[in-house]
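Here are the chains, one letter per residue:
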Amino acid sequence: MRIIILIAVIAMVLLEVSDALPKSSVGGPMTAMMIVFLAVLVLGLYEAWSQKRGAMGWIVSIVAAVVGGFIGSVVASMILGMVLSYLSLGVPLVETQHPVRYIASAGMMLLVMLGSWSALQIVNRYR
């Protein structure tokens, strides 16, 4: 599971560094969200497969991973909003080459994956 989280964080940072994410107001965030969703989905699938769950266990693991990832993204967005309000860059972060851009991408992915992992741990505790 640690490897999945590490790969997801590295993938997001590499996409930011290489400017592969579109800078449009719709395309960039949608692409980033798709990557986050796939990473959360893989985390849920891996947990279900590694614990040798039944059909219902697979469904519960996937749903828990997605819900936990959503909660993690909400928390990460609030934290990023607070950090950006103190920076007062004057331009959108995506248009700058500020180091916070890359740290924010890695931090967002890390907190989303942490939320997903936490939800899976809570579900496993009650099985």
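In this text, all values refer to a predicted model and were calculated from it rather than measured experimentally.

About the thresholds
Residues numbered from 1 in each chain as written. Predicted model: local features only at pLDDT ≥ 70, side-chain atom pairs only at ≥ 80, totals over all residues. Heavy atoms only, no water. Phe/Tyr/Trp six-rings, centres within 6.5 Å; stacked < 30°, edge-to-face > 60°. Helix = DSSP H or I, 4+ residues; strand = E, 2+ residues; numbered from the N terminus. Buried < 20%, exposed > 50% of the residue type's maximum accessible area, 1.4 Å probe, protein only. Contact = heavy atoms within 4.5 Å.

Participant: Is there a simple way to explain the packing of aromatic side chains in this structure?
Facilitator: Pairs of aromatic rings are described using the distance from one ring centre to the other and the angle between the two planes. Across all of its chains, the model carries one aromatic pair by this definition. Centre to centre, the rings of Tyr46 and Trp49 are 6.0 Å apart; their planes meet at 45 degrees, and the pair counts as tilted. Here Trp49 and Tyr46 lie together in helix H2 (residues 27-50), a separation of three residues that amounts to about one turn. The exposure class assigned to Trp49 is exposed, which follows from its relative accessible area of 55%.

Participant: Explain the environment of Leu15 here, please?
Facilitator: Its location among the elements puts Leu15 in helix H1 (residues 2-17). Apart from the residues within four sequence positions on either side, Leu15 is in contact with Ala20, Leu21 and Ile35.

Participant: What's the story with the side chain of Ser116 in this structure? I'm lost.
Facilitator: As for its placement among the helices and strands, Ser116 is situated in helix H4 (residues 99-125). On the basis of relative accessible area, Ser116 is assigned to the buried category, the value being 0%. The contact partners of Ser116, leaving out residues within four places of it in the chain, are Val40, Leu43, Ala65, Gly68 and Gly69.

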